[in-house]
Amino acid sequence: MSLVREFFLFAKKEKKWWLVPLVVVLLLLGALLVVVEGSSIAPFIYTLF
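As the structure is a prediction and not an experimental result, all values here were calculated from the model.

### Some words on the overall build of the protein chain
So, step 1. Secondary structure summary: the protein chain contains three helices and zero strands in total.
So, step 2. What you see in the protein chain, going N to C, is helices and strands ordered as α-α-α.
So, step 3. Overall, the protein chain is about 45 × 20 × 10 Å in size when its C-alpha atoms are taken along their principal axes.
So, step 4. With an accessible surface of roughly 4,400 Å², the protein chain has 74% of that area assigned to carbon and sulfur atoms.

### A short note on the environment of Lys15
So, step 1. Mapped onto the secondary structure, Lys15 falls in the loop between helix H1 (2–14) and helix H2 (19–35).
So, step 2. On the basis of relative accessibility, which here comes to 66%, the residue Lys15 falls in the exposed class.
So, step 3. Along the backbone, Lys15 and Ser40 are 25 residues apart, and their C-alpha atoms lie at a distance of 42 Å.

### Re the packing of aromatic side chains
So, step 1. Summed over the entire model, instances satisfying the criterion amount to one aromatic pair.
So, step 2. Ring plane angle 65° and centroid distance 5.7 Å describe the contact between Phe7 and Phe8, whose orientation is recorded as edge-to-face.
So, step 3. Looking at Phe8, the relative accessible area reads 38%, which means it is partly exposed.

### Structural notes on the packing of H1 against H2
So, step 1. Direction vectors running N to C along H1 and H2 enclose 150°, while the axes themselves pass 10 Å from each other. Classified by the interaxial angle, the pair formed by H1 and H2 is roughly antiparallel. Here H1 contributes Phe7, Phe8, Phe10 and Ala11 to the contact with H2, which in turn contributes Leu19, Val20 and Val23.
So, step 2. Of the residues belonging to the contact of H1 with H2, the class tally is seven nonpolar, no polar and no charged.

### Concerning the confidence of the model for the protein chain
So, step 1. In this model, the protein chain carries a mean pLDDT of 83, and residues with pLDDT of at least 70 account for 96%.
So, step 2. The least confident element of the protein chain is helix H3 (residues 42–46), whose mean pLDDT is 71; the most confident is H1, at 89.

What counts, and at which threshold
- Residues numbered from 1 in each chain as written.
- Predicted model: local features only at pLDDT ≥ 70, side-chain atom pairs only at ≥ 80, totals over all residues.
- Heavy atoms only, no water.
- Helix = DSSP H or I, 4+ residues; strand = E, 2+ residues; numbered from the N terminus.
- Areas by Shrake-Rupley, 256 points an atom, 1.4 Å probe, with all protein chains shown as cover.
- Buried < 20%, exposed > 50% of the residue type's maximum accessible area, 1.4 Å probe, protein only.
- Phe/Tyr/Trp six-rings, centres within 6.5 Å; stacked < 30°, edge-to-face > 60°.
- Axes fitted to C-alpha atoms, helices over the stretch in contact; angles between N-to-C directions.
- Parallel < 35°, antiparallel > 145°, perpendicular 65-115°, else oblique.
- Contact = heavy atoms within 4.5 Å.
- Nonpolar A, V, L, I, M, F, W, Y, C, P; charged D, E, K, R; others polar.
- pLDDT = per-residue confidence, 0-100.

What follows is the structure, given as structure tokens:
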């Protein structure tokens, strides 16, 4: 959890709040790929990339 805390401290100090939604979207996209990896919709997800 120190990495998450360090990221938020960096965003606060450097006033780079636009990075927070970007990182959240990337994490959610990664989680989506992991969740649908074994399902039948996996080929359709992979065609997006």
